[in-house]
Amino acid sequence: MKHDLYTVKRAINGDADAFEELLIKEEKMLYYKALSYVGKKEDALDAIQETACKAFLAIGQLRNPEYFSTWLFRILIRECCSLLRERDQMIVYEESELLKRLDRKQNEEIDSFHLSEALSRLNSSYQTTIILFYYHDLSIKDIAEVMEKPVATVKTNLRRARKKLKSELERSYQLNEKVT
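Residues numbered from 1 in each chain as written. Predicted model: local features only at pLDDT ≥ 70, side-chain atom pairs only at ≥ 80, totals over all residues. Heavy atoms only, no water.

K.L.:
Describe helix α8 (residues 140-147), naming the residues involved and giving the relevant values.
P.N.:
Buried within α8 we find Asp142, Ile143, Ala144, Val146 and Met147. Two residues or fewer after α8 comes Glu148, characterised by a positive phi angle close to 55 degrees. (Buried < 20%, exposed > 50% of the residue type's maximum accessible area, 1.4 Å probe, protein only. Helix = DSSP H or I, 4+ residues; strand = E, 2+ residues; numbered from the N terminus.)

K.L.:
Any details on the pattern of salt bridges? Residues and values, ideally.
P.N.:
In this structure the tally under the stated criterion is seven salt bridges. Its salt-bridge partner being Arg10, residue Asp15 comes within 3.0 Å of it at the nearest N-O pair. Overall, the relative accessible area of 25% leaves Asp15 in the partly exposed class. Measuring nitrogen to oxygen at the nearest pair gives 2.5 Å for the salt bridge that ties Asp142 to Arg74. On the criterion of sequence distance, the pair formed by Asp142 in helix α8 and Arg74 in helix α4 (residues 68-87) is long-range, its members being 68 residues apart. We note that Asp142, like Arg74, is buried. (Salt bridge = Lys/Arg side-chain N within 4 Å of Asp/Glu carboxyl O.)

K.L.:
Tell me about the nonpolar core, and please be specific about residues and values.
P.N.:
If you look at the biggest cluster of nonpolar residues, it comprises 38 residues, and the most contacted ones within it are Phe68, Trp71 and Leu132. Breaking this core down by element, the ones donating at least two residues are α1 (5-12), α2 (16-38), α3 (41-58), α4, α7 (124-135) and α8. A total of eleven residues in this core trace back to one element, the largest contributor, which is α4. Leaving out residues up to four positions away in the same chain, Leu132 has contacts with Tyr37, Ile77, Asp137, Leu138, Ile143, Val146 and Met147. Within the second largest apolar cluster, ten residues are counted, among which are Ala118, Leu119, Leu158 and Leu169. (Core = buried A, V, L, I, M, F, W, Y, C linked by side-chain atoms within 4.5 Å. Contact = heavy atoms within 4.5 Å.)

Okay, structure coming up:
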């Protein structure tokens, strides 16, 4: 979302009202992004609250006001991942959106089940990498920054996750064809 740079600069200089105005503009995006990660309304709201607090305390360090939304999104992703690590949960994702990106030709209802099953078999690091890359369109460098891992590790995770996801989906389809 494009913000008025003047408002962002006011927030950077300590104007709490300007910061609140920016958060209100990002409200829906923050909620839906957090919900897609943590899966529960209460957890999403907790992640947003922590994000807002950390962002408010750190906004003075934002160097490029034009990247306010990206900066805020990264803080949110880190909070969601931290919340999941604390609770040792799997990441919840929006299957239909991920399916459209992975394979637009398949029937969505069948694929949703198969993809859900296949993704549930991936470890949480692979899941996070796939979701950030395909669903949130983050670059490998941005994913490395969000996950606080080296770029090479993210590339390896993405390659391995794709390979495992492909083999799981193929196996699932073969089993389904034998049943039907």
